[in-house]
Amino acid sequence: CVLLSGVPLMRLLLLSTALAGAAAQSSPFPSINQTGTLELGIPKLGFSEPGSPSFFTVPFNASRQLQLYLTPLSGNVDLYVSAVDPKPKGDEWSGGSSDFSTHLYTSDKAGLEADSVTIEARALCGDAGACPEEVHVGVVSSPLAVAAALFQLTATQLDTDSSASSGTAVTLSAGLPLDGSLAETEEAHYMFVVPNASDDTVLTLTVITAGDPDLYVSVGPALSDPAEQQVWPTATSGARWSGNAFGGERLLVPAAELREEAAGSCEQPSGCALFLSVVAYSQTGYELLAEQKSAEHPTVLRANRPASKQLEADGWAFFDYPVLANATGVLLTLTSLSGDADLFASWSQARPGIGSLSDDTYMSQSTEAVDIIRIEAGGEDWPTSLPAKLHVGVQAYGAAAEFTLLGAEPGGTAATVLSAGQPLVAELRGGDWLWYSFTPAAEGVGAITFTLTPLSGDPDLYVSQEPTFSASERWTCAEPLFGAPTCAASLEAAGATDQVVFLPGDQLYCTACTYRVLVAAATYTSFSILAQVGSVPGGGSVLGGGGKGGGGGGTDDAPVTALLPNIPTRGSVSANEYSFYRVPVSSTNRSLTVRLTSLSGDPDLYASFSELRPTEHTAEFHSGELGDDALFLSHYDPRFCNGTREGDAGCSLHLGVGGYMVNASYSLAVSFGEESKLSLISGQPQEGSLEAHAWQYYTIALGGGDVDQIVVSLEASYGDPDVYIKACPPAPPPP
C-alpha cells in the first residue's frame, strides 16, 4: 500500500521567498511588468492583481492589422483595448463609471483560455482616416477572480490584404510557453535564440483545442528583429527539422546537428537562432514551448495546464510554479505514462532533488504510476508573503520516462484543460470536487466521450455546456427539473467506470463550445479522466483503410489515445472500424502484455512499433481470437522497439482495435514485467493468461462506507487457476 502524497523531509520555519516592494518587484519572476510599451513580436511578461490592472501601449500602423494575444500562465485575466482611454477598463476598479464606447475591443474568456483581438485600421481611423499613433491595452484580473494572475502579452502585425503568414514573427524565451491560434491554411512564425549551442533543444507543440498544426524548423544567425528573416521553413523547402504527425509535435534538435547546420553562426557574438513555422491544416489552438535539455532555464508550469515531457534514464526536468496572492495551496500531480518518474518540490532549492535536500523539500517517490504532493496554505512552511515561486523537479528513476505534470490550486474553481486522448490522474478529499474544461473546436470530430476511471473511492462525473455551471447545480444533471437538460451525469456504483458520450444530433452535442466537467467525491478518491473525440465512441476509420502503407485511406487522421500502464481503458468501436492507442515504452529490458477483453461483439487487436495506426494490413503483431485477445511482446523479440537496445530513449507501441463484422465494446489494458498490478474496475471483466506456476496481481478500488460486500469471480477458459485476496489497510488521505 503506497501513500501517494508527498511530505516534507523536515518541518522547519521557512523564510519568505518573495521580495517586498512594488508589485513589479514583488514577483519572483524576472523582467515582470505592470506598465510599458509593447514591442512587436516580443512577449511581455506581466502581473495583475484584483483591483490593480496592468496597462500597456503599442504602436499602431494604419497599413497593417494589429493582433494582440494574451497567454495566462496563472489566474484569469481579460483583455481590453482602446484608442483614447489610457487605462481601458481601469476606471471600473476605482469605483467610477466606465464609458464602454471608448473600449473598442474586449476579450474575456474564462480561466486559462487565451484572449486575443485583431484590430483593423478602419475601426480606429474612421472614414476621415484620422488614425492614432498608438493604442492602449488593459489586462485586468477577472471580476470573479480572487487571486492575482501572471501572463504574457504579445503584439504582432498582419498585412491587411494577406494571411497570417505575412505577420510579425514572435520571439520565444526558453521555458516560457506561448499560446497561439490559427485558422485553416494559416501559419505563424517564431524565432528562438539558442542560449547554449552545446545543448540539445526541445521544441514542443501541444494542441489545446482540436486541429492538426505542423512544425517546421530551420537555423541561422540570430537577428535583432526576426522580421529580417526572408525565408521561413515550410513543408517543401528550408526545413531542417520537421514534425507532421497528427495532433501535437515534439522535435529534438541535437546540438551537433544545430552547429553543423548553422555553419559557424553559433560561434558569432550574436549567436544562432532557430526559425519556426507553425502551419495549420485545420482550425486549431496550440501552445508552443522551446527548452534546452540541461534545464538551465526551468519551464514555467502553468496553473491547471498539464505539461508533458520525455526524459532519458536518470534524467531531470525542472519547473517553476507561480503561487500568487490568495492561493489556497498547491496540488502537484505527476502521472508516469512510462517508466517511474519521481517528484520533488521546494520553496528555496532551485533544483529540488539534486544534491543535498533542503529542509523544506517535499518529495513523492511512489513506485506506482502517480506521484502527488499537496501543500496547504497557512502551513508552517508556507511563504509568509506572496507571490512566490515553487521549484519543482522530476527525475526519471532508473529508466527513461514519459510523464504529465499538473499544478493546481486544491479546492479552486479554475478548470484544468483536457486535451483529446491524453488521460490525467488526480485525487479528491471527501466532499471536494475538481473542474475540467474541454474544447473540441473543430467540425466533424464525431462522438465526444468523457471517461472517469476510479483508482480508489467512488468519484462521479458531470458534464455541461454552460460556462456558469456550478457544483450546486450538479444534482439537476441526472434528472432535469424543468425543460431540456443543460448537463449530463454518470453516477455508477463504487469502483465502476463513469462515462458520458455525446453523439452528433444529441441536444448537448457541440463542437464550437467548451464543455465544463465536474468530478465530485463523497469520500477520498483517486481517478483518471479522459476526453476523446472520434467518428464513433472510441472509433476512427474504415476497417482495412490501411493507414500509412496500408493500401487505402481513412486512418491517417484518426485520433490516438494514450494508455496509462495497469489502468484499463473502456472503449467501443463500430463494425469494420478502428480505435487507435499509444503506449510509451521506457525500457527495452522489460516485456509487456496487452490485454483486450471483449464486453460485447468481437474486437480484434493489432500492434506495431513502427506504424502509428496499425491495421490488419500494417500490424507487426495481431490477435484475432473469438472474444478476448492478448499479445505478449517479449523484449528479446528483434522487432521490440524496432531493435533498439538499453541506453536508447525508449519507443512507443501503437495499438489498433478493430470491430470485426459487428459493433464492439471492450476493455484495453497494458502492463510491463511480471510484477505489475492491474486495476480491477467494478463490473468490467479482464482477460488474462498464465504459464504454470506464474502469478498475476490485481488491485481493487473500493468506495466509501456504502460497500456491503465484494465479489470476485474467476472463470477459467482452460487450466485450474486459483485466486487469493488480501485486504490492504487503507492509507490515510493526505493531510
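For every chain, the first residue of its written sequence is number 1, and the numbers climb from 1 along that sequence. Note on the predicted model: pLDDT of at least 70 is required for a residue's local features to be given, and 80 or more for side-chain atom pairs to be given and counted; whole-chain, interface and lining totals, by contrast, use all residues. Where side-chain values are given, they derive from all heavy atoms of the structure, hydrogens and water being excluded.

Asker: Help me understand the overall build of the chain in this model?
Answerer: Working definition: helices are DSSP H or I runs of at least four residues, strands are E runs of at least two. Numbering for both runs from the N terminus. In terms of regular secondary structure, the chain is built from 4 helices and 48 strands. For the chain, the residues scored as buried account for 56% of the 735 residues in total. Taking the intrachain contacts of the chain between residues at least 6 apart in sequence as the baseline, contacts between residues at least 24 apart amount to 76%. Entry remark: accessible area of the chain is about 30500 Å², with carbon and sulfur atoms responsible for 51%. Categorising residues by exposure relies on relative accessible area from a 1.4 Å probe, with only protein chains included: less than 20% of the type maximum marks a residue as buried, more than 50% marks it as exposed, and the intermediate range marks it as partly exposed. Contacts: residue pairs with any heavy atoms within 4.5 Å of one another. We get accessible surface area from the Shrake-Rupley algorithm with a probe of 1.4 Å; when it comes to residues, only the shown protein chains can shield them.

Asker: Could you clarify how one ought to interpret helix H3 (residues 255-262) in this entry?
Answerer: In an α-helix, one full turn covers 3.6 residues, which means residues spaced three or four apart are oriented alike. Along H3, the residues that are buried comprise Ala 255, Leu 258 and Ala 262. Buried residues of H3, seen end-on, are gathered within an arc of 60° and therefore sit on one face of the element. Elements in contact with the buried residues of H3: strand E15 (213-221), strand E16 (241-243), strand E17 (249-253) and strand E18 (272-280). In the segment just after H3, Ala 263 is the residue with positive phi, at about 55°. Think of the arc as the fan of directions from the helix axis to the C-beta atoms.

Asker: For this particular structure, what's the right way to read the environment of Gln 34?
Answerer: Along the chain, Gln 34 falls in the loop between helix H1 (23-26) and strand E2 (35-37). Judged by its relative accessible area of 14%, Gln 34 is buried. Separated by 105 residues in the primary sequence, Gln 34 and Val 139 have C-alpha atoms spaced 8.9 Å apart.

Asker: Looking at this structure, how should I read the side chain of Ser 526?
Answerer: Tracing the sequence through the fold places Ser 526 in strand E37 (residues 525-534). N or O atoms within 3.5 Å of each other form a polar contact, as long as, within protein, one can give a hydrogen and the other can take it, and as long as residues adjacent in sequence are counted only when both atoms are side-chain atoms. Only 2.8 Å separates the side chain of Ser 526 from the side chain of Ser 456, close enough to count as a polar contact.

Asker: Got a minute to help me understand the sheet that holds strand E31 (residues 433-438) in this structure?
Answerer: The strands that make up a sheet are held in pairs by hydrogen bonds between backbone atoms, and each pair lies either parallel or antiparallel. Spatially, the 5 strands line up as an open sheet ordered E29-E31-E36-E33-E34, and their pairing is mixed. In this open sheet, the two edge strands, each paired with only one partner strand, are strand E29 (416-417) and strand E34 (487-490). A pair of strands is treated as paired once DSSP finds two or more bridges between them. Here 6 bridges tie strand E33 (residues 459-464) to strand E36 (residues 515-521), and the two strands are oriented antiparallel to one another. Residue pairing across strands places Pro 459 opposite Ala 521, the latter belonging to E36.

Asker: Looking at this structure, I do not really get the pattern of salt bridges. What am I missing?
Answerer: Any carboxyl oxygen of Asp or Glu that lies within 4 Å of a side-chain nitrogen of Lys or Arg is treated as forming a salt bridge with it. Under the counting rule described, the total for this entry stands at 14 salt bridges. For Arg 302, the salt bridge is made with Asp 179, and the minimal N-O distance between the two is 2.8 Å. Of this pair, Arg 302 sits in the loop between strand E20 (299-300) and strand E21 (307-311) while Asp 179 sits in strand E12 (residues 178-182), and the two are 123 residues apart along the sequence. When sorted by exposure, Arg 302 lands in the same class as Asp 179, which is buried. The partner of Glu 427 in a salt bridge is Arg 374, and the shortest N-O contact between them spans 3.7 Å. With Glu 427 in strand E30 (residues 424-428) and Arg 374 in strand E26 (residues 370-376), the pair connects residues that are 53 residues apart, well separated along the chain. Across the pair, Arg 374 and Glu 427 agree in class, each one buried. When salt bridges that share partners are traced, they join Asp 179, Glu 287, Arg 302 and Arg 305 into one network.

Asker: Would you mind showing me how to read the state of the cysteines here?
Answerer: Each disulfide consists of a covalent bond between the sulfur atoms of two cysteine residues. For this text, the term disulfide refers to a pair of cysteine sulfurs within 2.5 Å. Under the criterion given, the structure shown has 4 disulfides. One disulfide bridge connects Cys 510 with Cys 513, the sulfur atoms lying 1.6 Å from each other. Its relative accessible area of 16% is what places Cys 513 among the buried residues. Covalently, Cys 641 is tied to Cys 651 through a disulfide, its sulfur atoms 2.0 Å apart. One quick way to see it: the torsion about the S-S bond of Cys 641 and Cys 651 is about -60°, and its sign makes the bridge left-handed. Here the residue Cys 641 occupies a position in the loop between strand E44 (629-633) and strand E45 (651-659), and Cys 651 occupies one in strand E45, the gap between them amounting to 10 residues.

Asker: Sorry if this is basic, but what is going on with a nonpolar patch on the surface here?
Answerer: Patch membership needs two things, relative accessible area over 30% and no salt bridge, and members are linked within 9 Å if like-charged or within 5 Å if nonpolar (Val, Leu, Ile, Met, Phe, Trp, Tyr). A surface patch of nonpolar side chains, amounting to about 530 Å² of accessible area, comprises Ile 700, Ile 710, Val 712, Leu 714, Val 723 and Ile 725. Positionally, Val 712 belongs in the segment after strand E48 (697-700). Overall, the relative accessible area of 33% leaves Val 712 in the partly exposed class.

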